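# Structural description and commentary
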Amino acid sequence: MFAKYWKKIGMLIIIIACLFNIVTKIVSKIPYLEQLTQSAQYVSEQEKEEN
């Protein structure tokens, strides 16, 4: 039975892996953007203190 459906099972596994990869990248991108904005705010505050 496995020999008959191996292509469909393989495609299903590949699709699930791709979706998992995409979701992982989206979730990890959000904190990265927050970190960039916090860094920009910190640099801006440091420049104001120097002047």
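Residues numbered from 1 in each chain as written. Predicted model: local features only at pLDDT ≥ 70, side-chain atom pairs only at ≥ 80, totals over all residues. Heavy atoms only, no water.

## Quick word on the overall build of the protein
Regarding its fold elements, the protein presents one helix and zero strands. The globule rule puts the C-alpha radius of gyration for 51 residues at 10 Å, and the 22 Å found for the protein is more than 25% above it. In terms of its C-alpha atoms, the protein occupies a principal-axis envelope of roughly 75 × 10 × 10 Å. Going through the 51 residues of the protein one by one, you find that 0% of them count as buried. Taken as a whole, the protein presents about 5,200 Å² of accessible surface, with 68% of it coming from carbon and sulfur. The positive charge centre, built from 6 side chains, and the negative charge centre, built from 5, are 39 Å apart in the protein. (Helix = DSSP H or I, 4+ residues; strand = E, 2+ residues; numbered from the N terminus. Rg over C-alpha atoms; globule rule 2.2 N^0.38 Å. Buried < 20%, exposed > 50% of the residue type's maximum accessible area, 1.4 Å probe, protein only. Areas by Shrake-Rupley, 256 points an atom, 1.4 Å probe, with all protein chains shown as cover. Lys, Arg positive; Asp, Glu negative; His and termini not counted. Charge placed at Lys NZ, Arg CZ, Asp CG, Glu CD.)

## Structural notes on a nonpolar patch on the surface
Taken together, the side chains of Met-11, Ile-14, Ile-15, Leu-19, Ile-22 and Ile-26 define a hydrophobic patch exposed on the protein surface, amounting to about 590 Å² of accessible area. With respect to the helices and strands, Ile-14 occurs in helix 1 (residues 2-50). (Patch = residues over 30% accessible without salt bridge, like charges linked within 9 Å, V, L, I, M, F, W, Y side chains within 5 Å. Salt bridge = Lys/Arg side-chain N within 4 Å of Asp/Glu carboxyl O.)

## Some details on a negative patch on the surface
Where like charges cluster on the molecular surface, the negative patch consists of Glu-45, Glu-47, Glu-49 and Glu-50. Inspection of the secondary structure assignment puts Glu-45 in helix 1. Its relative accessible area of 47% is what places Glu-45 among the partly exposed residues.

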